Amino acid sequence: MLNQTSIQEFKSTLRGGLIEPQDQGYNDACKVYNAMISKRPRMIVYCADVADVIQSVNFARENNMLLSIRSGGHNAGGLGICDDGLVIDLSRMKYIQVNPQAKSAVVGAGCTWGDVDHATHAFGMATPSGIISTTGVGGLTLGGGIGHLTRKHGLSIDNLLSVDMVLADGSFITANENQNQDLFWAVRGGGGNFGVVTAFTFKLHPIDMVYGGPMLYEMSEAEAVMKWYRELIKDAPDDLNGFFAFLTVPPGPPFPEHLHLKKMCGIVWAYTGPLEKAEAIFKPIRAFKTPALDFVGPLPQPALQSMFDAVYPTGLQWYWRADFVNELSDEAIAKHLPFGEGMPTMLSTMHLYPVNGAASRVNKKDTAWSYRDATWAMVIVGVDPDPANKEKITAWTKAYWEALHPYSAGGAYVNFMMDEGEERVKATYGENYERLVTVKNKYDPDNLFRVNQNIKPTIEKMTV
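Computed from a predicted structure; not experimentally measured.

1. Side note on the sheet that holds strand 9 (residues 196-203)
Taken together, 5 strands build an open sheet; the order of strands is 5-6-9-7-8 and the sheet is antiparallel. The open sheet has two free edges, formed respectively by strand 5 (96-99) and strand 8 (172-176), since each of these has just one partner strand. Taking each pair of neighbouring strands and ignoring which way they run, the sheet shows an average axis angle of 15 degrees. Relative to strand 8, strand 7 (residues 160-166) runs antiparallel, the two sharing 5 bridges. Directly across from Val-166, in strand 8, lies its bridge partner Phe-172.

So, in structure tokens, the structure goes:
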């Protein structure tokens with residue numbers, strides 16, 4: 001039985017902090033990036049080190065507590081927190097060691113991608129991440145890791161060299177190509193189903209300055225832009241990445257006043273090739289149509305990575321739906337247009353992230369992430385700061401997704417999914433799902449790690 005004595009004994013074993021509902025700061029500690037998620041855990045442990053993680057996993061298992069793992073707290077469905085359970089918060093495990101000779105970095109599980117960019121940029125290097133620098137390294141990586149560098153250097157998991165983990169039985173192991181290979185295969189896309197990753201080792205690439213930023217077009221030109229973009233990105237060199245978006249221009253600098261709050265379409269570019277070739281690469285892009293706004297130019301890689309941080313701070317209401325997309329047909333484009341024109345709030349948006357290029361040249365069975373043959377990962381998000389608009393943004397997102405889902409490849413990127421049920425999880429992992437179940441059976445047969453896009457074990461829990 002969980003009682004105050006056992007909690008105090010547990011607390012005495014920790015070097016980090018433990019917060020309970022009666023403690024000052026509890027309400028703030030419950031908050032995650034998506035303010036639409038509101039959960040009340042029994043306790044939150046701010047782990048200072050691996051020993052704290054081991055103690056927390058053991059305590060949750062021995063007391064039959066629901067357990068969730070929080071790194072950056074950005075998860076779409078708020079899966080870093082749970083009701084009436086134990087939250088392992090890794091945010092204090094924030095350290096980075098860059099090895100410039102080996103072109104690698106060891107990253108603590110509490111780091112954000114902004115932390116990583118800060119550390120690696122000093123050496124003129126980077127590793128693939130997302131598009132918001134406040135995102136946690138742990139969640140983004142374990143789900144796959146799509147971002148500005150995907151076409152050039154693949155997903156985050158394609159650059160993952162090793163992980164340190166605490167397993168469900170409290171043991172600590174390392175998984176890489178030489179040790180616990182089955183587990184290393186599974187964590188590359190399989191999410192937090194197999195244990196608590198306490199450290200990641202990434203391969204780094206010589207990326208310092210990039211040529212990137214947004215180009216925006218009038219909404220009336222959206223059909224033409226989408227048709228042009230779908231052909232361009234399929235055959236683009238790996239150095240050129242660009243994701244398509246419907247968006248509303250924020251009402252402030254650096255955007256010109258005449259565009260404020262205007263609904264537009266655009267492409268956010270990231271060119272990682274030689275800067276002296278950038279103008280030539282973009283000459284035909286600029287020749288296609290003169291954009292209403294062209295903010296594309298040379299800038300440090302961390303500046304591009306953090307460009308949208310201020311637009312999407314923590315604490316907004318979010319509703320997410322997503323799919324992988326192989327083809328962007330004329331018929332599908334026609335379905336997109338009215339939803340782009342009908343975005344319900346300033347922050348609501350739709351993005352098409354390319355996952356071709358380098359990411360597509362990894363065999364779909366080499367990692368758990370199975371949609372290597374998709375062209376885009378599509379995400380539709382209804383976003384607004386006001387809880388009163390929850391139904392409005394949710395209805396728009398659902399209707400948009402339902403209209404476009406018939407044109408999708410089936411599954412979705414797990415980092416873009418909310419709680420959508422077992423069949424959606426199976427569709428997302430496709431032919432890799434049964435292999436993931438085998439790994440789950442081996443490392444977490446009792447499903448201790450189930451607050452995630454859950455891969456359910458098939459081994460029944462033995463009762464004595």
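2. Let's talk about the pattern of salt bridges
Under the criterion given, the structure shown has 26 salt bridges. Across the salt bridge formed by Glu-223 and Lys-227, the nearest N and O atoms sit 3.0 Å from each other. Residue Glu-223 and its partner Lys-227 are located together in helix 8 (residues 222-235), separated by 4 residues, close to a single helical turn. Overlapping salt bridges bring together Arg-321, Asp-323, Glu-420 and Arg-424 as one network.

3. Details of unusual backbone geometry
Each neighbour pair has its own omega, and for Pro-253 with Pro-254 the value is 10 degrees, a cis peptide bond. Following the sequence through the fold, Pro-254 ends up in the loop between strand 11 (240-248) and strand 12 (263-271). With a phi angle near 55 degrees, Asp-84 is a residue other than glycine that sits in the positive phi range. Its location among the elements puts Asp-84 in the loop between strand 3 (67-70) and strand 4 (86-89).

4. Some words on the sheet that holds strand 2 (residues 43-46)
Pairing is mixed across the open sheet formed by 4 strands, whose spatial order is 1-2-4-3. Of all the strands in the sheet, just strand 1 (17-19) and strand 3 have a single pairing partner and so form its edges. Strand-to-strand twist in this sheet, taken as the mean axis angle between neighbours without regard to direction, amounts to 20 degrees. In this structure, strand 2 lies alongside strand 4, joined through 4 bridges in parallel fashion. Directly across from Met-43, in strand 4, lies its bridge partner Leu-86. Helix-sheet contacts for helix 1 (residues 4-12) involve strand 1, strand 2 and strand 4, and the interaxial angle to strand 2 is about 10 degrees.

5. Let's talk about helix 12 (residues 390-404)
Between its first and last C-alpha atoms helix 12 spans 21 Å; for 15 residues at 1.5 Å apiece the expected length is 21 Å, and the two agree. Turning to helix 12, its buried residues number three or more, namely Ile-393, Thr-394, Trp-396, Thr-397, Tyr-400, Trp-401, Ala-403 and Leu-404. In the core, the buried residues of helix 12 are packed alongside strand 11, strand 15 (317-325), helix 11 (330-341), strand 16 (349-354), strand 17 (376-384) and helix 13 (422-429).

6. So, the side chain of Asn-356
Position of Asn-356 relative to the elements: it lies in the loop between strand 16 and strand 17. The class of Asn-356 is buried, set by a relative accessible area of 9%. A distance of 2.6 Å separates polar atoms of two side chains, one belonging to Asn-356 and the other to Arg-151. From its side chain, Asn-356 meets the backbone oxygen of Ile-233 in a polar contact 3.2 Å long.

Rules of the game
In every chain, residue numbers begin from 1 and rise along the written sequence. For this predicted model, a pLDDT threshold of at least 70 governs which residues receive local features, and a threshold of 80 or more governs which side-chain atom pairs are given and counted, while totals over whole chains, interfaces and linings are taken from all residues. With hydrogens and water set aside, each side-chain value is computed from the structure's full complement of heavy atoms. Two strands pair if DSSP finds at least two bridges between them. Helix and strand assignments follow DSSP, with helices taken as H or I runs no shorter than four residues and strands as E runs no shorter than two, numbered in order from the N terminus. The angle between two axes is taken between their N-to-C directions and runs from 0 to 180 degrees, where each axis is a line fitted to C-alpha atoms and a helix contributes only its stretch in contact. By definition, a salt bridge exists where a carboxyl oxygen of Asp or Glu is found within 4 Å of a side-chain nitrogen of Lys or Arg. Note on definitions: a residue-residue contact is assigned when non-hydrogen atoms from the two residues lie within 4.5 Å. Helix span, as expected, comes to 1.5 Å for every residue beyond the first. Here's how the labels work: a residue is buried when its accessible area is under 20% of the maximum for its type, exposed when over 50%, partly exposed in between, all with a 1.4 Å probe on protein chains only. N or O atoms closer than or at 3.5 Å make up a polar contact, with two conditions inside protein: a donor-capable atom paired with an acceptor-capable one, and, for residues adjacent in sequence, both atoms drawn from side chains.

Functional significance is not addressed by these values, which are geometric in nature.
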